[in-house]
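Structure at a glance
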Amino acid sequence: MARDKFNTVQSSAVPLAIENVDTDQIIPARFLKATTREGFGENLFRDWRFTSSGEAKADFVLSDNTYSGSILVAGKNFGSGSSREHAAWAIYDYGFKVVVSSFFADIFKGNALNNGLLPVQVSDVFLAELFEVIEKDPKANIEVKLEKQEISILSSGSTESFEISAYKKECLLNGYDDIDYLINMKDQIDSFEKNRI
């Protein structure tokens, strides 16, 4: 399923300074019944955001209007636990385009990339600087350039590079999923088949 092309995101960020956030905390298992990707955002971090009676918890960051933006800055070891793809769906559906952490669980990282969500892994030092900047100025702009594989704090000029597979980078830049990528290579595949005979 084709999605929006991803190149540069410049936005304020939402800080989630919690380590070891697992996929059941991102989207609790009781909300996994749907098979389409839409609507999962309303239950993102459900048990942290809402009381059992459905009232918003004022002390949780997503309930705090001070913070907004399309970048989620999270503590170390984000996305551990079960392999549910719904975790990436929920984050993307909520409106985040980028998740920044100093470490991601491999399966979550793969699921994020497969669903148009960019996981940006940074050093512990850079992550600490991000949290500090956001705390001082919740409207501070963070810029993520996929083409250059760089993340920058615009107010301080601090920049760090990040890794991404060349294949997933091309898919994000062009708005491809795996099938779109193959369809885009149809002429090359046809040519290969003709020359093989």
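Here, every reference points to the structure presented above.
These figures come from a predicted structure and were not determined experimentally.

Right, let's get into the pattern of salt bridges. Summed over all chains, the structure comprises five salt bridges. D124 is paired through a salt bridge with K76; the nearest N and O atoms lie 3.9 Å apart. Of the two residues, D124 sits in helix α5 (residues 124-136) while K76 sits in the loop between β3 (71-74) and α3 (86-94), which places them 48 residues apart along the sequence. A residue is classified by how much of its surface remains accessible, and D124, at 45% relative accessible area, is partly exposed. By relative accessible area, K76 is classed as partly exposed at 36%.

A few words now on α3. Regarding α3, the residues found buried are H86, A87, A88, W89, A90 and I91. Check the buried side of α3 and you find it contacts α1 (23-26), β4 (98-101) and α4 (106-114). Count one or two residues on from α3 and you reach G95, which has phi positive near 125°.

Hydrogen bonds along the backbone pair up the strands of a sheet, which may run parallel or antiparallel. Spatially, four strands are ordered β2-β3-β4-β5 in an open sheet, and the strand pairing comes out parallel. Two strands in the sheet have a free side with no partner beyond their single neighbour: β2 (13-16) and β5 (118-121). Taken pair by pair, the neighbouring strands of this sheet meet at an average axis angle of 20°, ignoring direction. Strands in contact with α5 are β2, β3 and β4; relative to β3, the strand with the most contacts, it is inclined by about 120°.

Calculation notes
- Residues numbered from 1 in each chain as written.
- Predicted model: local features only at pLDDT ≥ 70, side-chain atom pairs only at ≥ 80, totals over all residues.
- Heavy atoms only, no water.
- Salt bridge = Lys/Arg side-chain N within 4 Å of Asp/Glu carboxyl O.
- Helix = DSSP H or I, 4+ residues; strand = E, 2+ residues; numbered from the N terminus.
- Buried < 20%, exposed > 50% of the residue type's maximum accessible area, 1.4 Å probe, protein only.
- Contact = heavy atoms within 4.5 Å.
- Pairing = 2+ DSSP bridges.
- Axes fitted to C-alpha atoms, helices over the stretch in contact; angles between N-to-C directions.

From the geometry alone we can't say anything about function, so treat these as descriptive.
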